[in-house]
Amino acid sequence: SQELEQSPQSLIVQEGKNLTINCTSSKTLYGLYWYKQKYGEGLIFLMMLQKGGEEKSHEKITAKLDEKKQQSSLHITASQPSHAGIYLCGADITGANNLFFGTGTRLTVIP
Amino acid sequence: ETGVTQSPTHLIKTRGQQVTLRCSSQSGHNTVSWYQQALGQGPQFIFQYYREEENGRGNFPPRFSGLQFPNYSSELNVNALELDDSALYLCASSPIPGLAGEGDTQYFGPGTRLTVL
């Protein structure tokens, strides 16, 4: 959607490398959600951020929401082939929990 | 706890036909949202149902309609199918619509792949 910009569109990294995916909104975020999708499948929930400056981690994945609540980053440490997939940020920009999504970042991890 | 399920998995229709897609929400969830995901794009919000009423709608024409049943399961109906309706249709459920906190998190089903010829 035009409300959310995700970058990069695709990323190819060597196993063990760190990487960052960015998500920028043109509007203040009521909630920011990170999902992972395998090609043609449903979305798997990773993390939800709501407060400016908030940071959450799960295993080797860390997500942050900036103070102004208009940008989020997803950082993967020591990437593994199991991290490969499409990462989508979804944002609630109206407060009604109707999510707008970016176009996704396709991550390939080379063993 | 049962996750979100969708049926059918795949569907092939011809232009002008009508289609019904089904979704069973996750146990304990009373809100269902539908999304359309075209190839290479992020999901686009179609509409949301809460307590059997439409509770928000995206930029989709009226030929996209839905229902929610007392058991919180839901249907998406699309009339007069067009070639551009070919997409992955995703259903997501959440406990509470529009309230702050983790309870807002939407959990997605595996999707229904619709092909319109």
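Positions within a chain are numbered from 1, following the residues in the order the chain's sequence is written. Lettering for chains starts from A, numbering for ligands starts from 1, and both go in the order in which the items are written. A pLDDT threshold of at least 70 governs which residues receive local features in this predicted model, and a stricter bar of 80 or more applies before side-chain atom pairs are shown or counted, although totals over entire chains, interfaces and linings include all residues. Values shown for side chains rest on all heavy atoms present in the structure; no hydrogens or waters enter the calculation.

1. Remarks on the sheet that holds strand β1 (residues 4–7) of chain A
Paired through their backbone hydrogen bonds, the strands of a sheet run either parallel or antiparallel.
All names here are of chain A.
Then step 1. Spatial strand order, β1-β3-β8-β7-β6: five strands in an open sheet with antiparallel pairing. For this open sheet the edge positions go to β1 and β6 (55–58), each flanked by a neighbour on one side alone. Between one strand axis and the next, the sheet turns through 15 degrees on average, direction left out of account.
Then step 2. DSSP calls a pair of strands paired once it identifies at least 2 bridges connecting them. Helix numbering and strand numbering both begin at the N terminus, where a helix is a DSSP run of H or I of at least 4 residues and a strand a DSSP run of E of at least 2. Taken together, the five bridges between strand β7 (residues 61–65) and strand β8 (residues 71–76) define a ladder with antiparallel strand orientation. Paired with lysine 64 across the two strands is serine 73, which belongs to β8. Angles shown run from 0 to 180 degrees and are taken between the N-to-C directions of axes, each axis being a line fitted to C-alpha atoms and, for helices, limited to the stretch in contact.

2. Some words on the nonpolar core
Then step 1. The set of buried Ala, Val, Leu, Ile, Met, Phe, Trp, Tyr and Cys residues whose side-chain atoms join them within 4.5 Å is what this entry labels a nonpolar core. The classification of residues rests on relative accessible area computed with a 1.4 Å probe and restricted to protein chains. Under 20% of the type maximum is buried, over 50% is exposed, and intermediate values are partly exposed. Counting residues in each nonpolar core, the largest one holds 22 residues, and the members touching the most others are Leu19, Leu32, Trp34, Leu74 and Leu107 of chain A.
Then step 2. Other than its neighbours up to four places away in sequence, leucine 19 of chain A contacts Leu11, Val13, Leu74, His75, Ile76, Ser79 and Leu107 of chain A.
Then step 3. Membership of the second largest hydrophobic core comes to 20 residues, among which are Val19, Ile46, Tyr49 and Tyr89 of chain B. In what follows, residue pairs with any heavy atoms lying within 4.5 Å of each other are defined as contacts.

3. A word on the pairing of β7 of chain A
All names here are of chain A.
Then step 1. Counting buried positions along β7 gives four out of five residues, so the element sits mostly inside the fold.
Then step 2. Looking at chain direction, β6 and β7 are connected through four bridges and run antiparallel. Bridge pairing links serine 57 to threonine 62 in β7.
Then step 3. If you look at the hairpin formed by β6 and β7, you'll find two residues sitting between the two strands, and glutamate 59 has a positive phi there, around 55 degrees.
Then step 4. As consecutive antiparallel partners, β7 and β8 are separated by five residues, and within that stretch lysine 69 has a phi angle of approximately 60 degrees, a positive value.

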